[in-house]
Amino acid sequence: MDTTALKQQIGNNIMNRYSQKSFLDRVKRNSGSTKSVNSAKTSLVYFNRFCDSVYGKTPEVVVSELKISIKENPESLYQFIDDVSSFLCNTTKRQSNIPDQKLSVGTIKHSLTTIKQFLRHSGISIDSNMVKQFVTVPKQVKERIEPVTLPELQRIVDSADKKRKLLYIVLLSSGMRIGECLRIKKSHIKFADDIIQISISGKIAKNGHGRITFVSEECRELLKSRLSEIDVEDFAFTNGSDLEQNERTESQYLLRLCKKLGLDDYETDDKIKHMITLHKFRKYFSGIATSNGMMMEYKQTLTGWDSFGGTYHQFSVEELAREYKKIESSLFITPEFRQKTDLKEKDLVIEKMQLQAQKITSLESALDQIKAHMKN
């Protein structure tokens, strides 16, 4: 190979190394998620749009010229990133039923983060402190979100088909993410006399930490029926193999169901947003656990949340099961199961009162004997 051809080959290798394709390959290797790759692709589409609109050049040429500019004036990098941020604030969504629908603040921040990652991948060093100083990013205003209520959940579960009824009760009583739940196989589920255990491997957990969680007795019969129909390595809560498409399908199904029930997205007069999503099922579990006195460490372990210090708590299965059983009845959704719980609680109250009555009777009898003895 002659010198010219060798230089051309080296140049091509460098270009390939810094290309958007190699960046997306890196995202895929890092996350293992098609969803993350698709999200990064969308951000790069906005970046490519920026390069064409502002410079009339391809992103490869823009990045090459940016590197030269940075050597002459390092602060030009942060002006460039600020220009990208400004462009994103004024651009519209790739696909939308509303032609002029602007990007949300969350989308702008996520896209800007991805674009900065791509610039770093392209060999450009970015100082986060300089970004804070020179780049303006819109603030995200967060209104208070109305939590989902038990009566709403009862209507949803009652109106859902058999497969979704099981899925919803599992999500509500375990605190699992929908992505984790749809990746659970029959072999991950273990039945005991008084509790149903689910093992979530690190490969399917969002944060990479394997853990144990539980589902309530309310779904025992539905779950047994479902598992009797499938093989040991089949997915327990979906029939499909495209799991990310299945996530979208389940989100869309819930959206349609809520609309049918009149529970779809709305905003109250005092700006309280109320939209029922599958993620809110996870929040519902968390709220029930907290209101019933479960310690934060147990809740974090069951739901797969890291603590503020990045610590992942370790408890035995027996200890976690004991703590879960304390709140299990409060996680029941359907009226029939809640009525059973109410009856059990009433029986316990009656039994306690009877024991107290027996103690009082015994004390009165002992007192009478003492009085009789004193008279004699």
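Residues numbered from 1 in each chain as written. Predicted model: local features only at pLDDT ≥ 70, side-chain atom pairs only at ≥ 80, totals over all residues. Heavy atoms only, no water.

### Quick notes on the environment of Lys186
And then number 1: Residue position: Lys186 is located in the loop between helix H10 (178-181) and strand E1 (189-191).
And then number 2: Sequence spacing of Lys186 and Ile198 is twelve residues, and the spatial spacing of their C-alpha atoms is 9.4 Å.
And then number 3: Not counting the four nearest positions on each side in its chain, Lys186 is found in contact with Leu227, Ile230, Asp231, Val232, Asp234 and Ala236. (Helix = DSSP H or I, 4+ residues; strand = E, 2+ residues; numbered from the N terminus. Contact = heavy atoms within 4.5 Å.)

### Brief notes about the side chain of Thr301
And then number 1: Relative to the elements of secondary structure, Thr301 occurs in helix H14 (residues 296-303).
And then number 2: Within the structure, the side chain of Thr301 is placed 2.8 Å from the backbone oxygen of Glu297, a separation counted as a polar contact. (Polar contact = N/O pair within 3.5 Å; in protein donor to acceptor, adjacent residues only side chain to side chain.)

### Observations concerning the sheet that holds E1
Hydrogen bonding along the main chain pairs the strands of a sheet, whether they run parallel or antiparallel.
And then number 1: The sheet built from three strands is open, its strands ordered E1-E2-E3 with antiparallel pairing. The open sheet is flanked by E1 and strand E3 (211-215), the only strands paired with a single partner. Between one strand and the next, the sheet's axes are offset by a mean angle of 25 degrees, whatever the strand orientation. (Pairing = 2+ DSSP bridges. Axes fitted to C-alpha atoms, helices over the stretch in contact; angles between N-to-C directions.)

### Considerations on the confidence of the model for the chain
And then number 1: In this model, the chain carries a mean pLDDT of 86, and residues with pLDDT of at least 70 account for 86%.
And then number 2: Here residues 9-15 is a poorly scored stretch, pLDDT under 50, and it has two contacts once near neighbours within four places are set aside; other chains count. (pLDDT = per-residue confidence, 0-100.)

### A word on the nonpolar core
And then number 1: Of all hydrophobic cores here, the largest spans 57 residues; its most connected members are Ile156, Tyr168, Ile189, Phe237 and Phe281.
And then number 2: By residue number, the principal contributor to this core is helix H9 (residues 162-174), which donates seven residues.
And then number 3: Non-local contacts of Ile156, meaning those with residues more than four positions away in its chain, are made with Tyr168, Leu254, Leu257, Cys258, Leu261, Leu263 and Ile276.
And then number 4: In this structure, Phe23, Leu24, Ile70 and Val84 belong to the second largest nonpolar core, which totals 31 residues. (Core = buried A, V, L, I, M, F, W, Y, C linked by side-chain atoms within 4.5 Å. Buried < 20%, exposed > 50% of the residue type's maximum accessible area, 1.4 Å probe, protein only.)

### Looking at H14
And then number 1: With six of eight residues buried, H14 lies mostly within the body of the structure.
And then number 2: Along H14, the residues classified as buried are Tyr298, Lys299, Gln300, Thr301, Leu302 and Thr303.
And then number 3: Tucked into the core, H14 has its buried residues touching H9, E3, helix H13 (278-291) and helix H15 (317-327).
And then number 4: Of the residues flanking the end of H14, it is Gly304, one or two places downstream, whose phi is positive at about 80 degrees.

### Quick notes on the pattern of salt bridges
And then number 1: For the structure shown, the criterion picks out 13 salt bridges.
And then number 2: Measuring nitrogen to oxygen at the nearest pair gives 3.3 Å for the salt bridge that ties Lys21 to Asp25. You can see Lys21 and its partner Asp25 sitting in helix H2 (residues 20-31), four residues apart, about one turn around the helix.
And then number 3: With a relative accessible area of 58%, Lys21 lands in the exposed category.
And then number 4: Between Glu323 and Arg322 there is a salt bridge whose closest N-O contact spans 3.8 Å. (Salt bridge = Lys/Arg side-chain N within 4 Å of Asp/Glu carboxyl O.)

### Side note on the packing of aromatic side chains
And then number 1: Taken as a whole, this structure holds 13 aromatic pairs when the rule is applied.
And then number 2: Taking the centre distance of 5.9 Å and the plane angle of 80 degrees together, the rings of Phe50 and Tyr55 count as edge-to-face.
And then number 3: Owing to a relative accessible area of 1%, Phe50 belongs among the buried residues under this scheme.
And then number 4: Each member of the aromatic cluster is reached from another via a ring pair, and the members are Phe23, Phe47, Phe50, Tyr55, Phe80, Phe87 and Phe118.
And then number 5: Residue placement shows Lys224 over the ring face of Phe191; its charged tip is 5.7 Å from the ring centre. (Phe/Tyr/Trp six-rings, centres within 6.5 Å; stacked < 30°, edge-to-face > 60°. Lys NZ or Arg CZ within 6 Å of the ring centre and 35° of its normal.)

### Here we look at the environment of Ile230
And then number 1: With respect to the secondary-structure elements, Ile230 resides in the loop between helix H11 (220-227) and helix H12 (243-260).
And then number 2: Remark: the alpha-carbon pair of Ile230 and Lys186, spanning 44 residues in sequence, is separated by 7.7 Å.
And then number 3: Setting aside residues no more than four positions away along its own chain, Ile230 makes contact with Lys186, Phe235 and Ala236.

### A few points about the environment of Lys203
And then number 1: Along the chain, Lys203 turns up in the loop between strand E2 (196-200) and E3.
And then number 2: Between the C-alpha atoms of Lys203 and Glu180, which are 23 residues apart in sequence, the distance is 9.6 Å.

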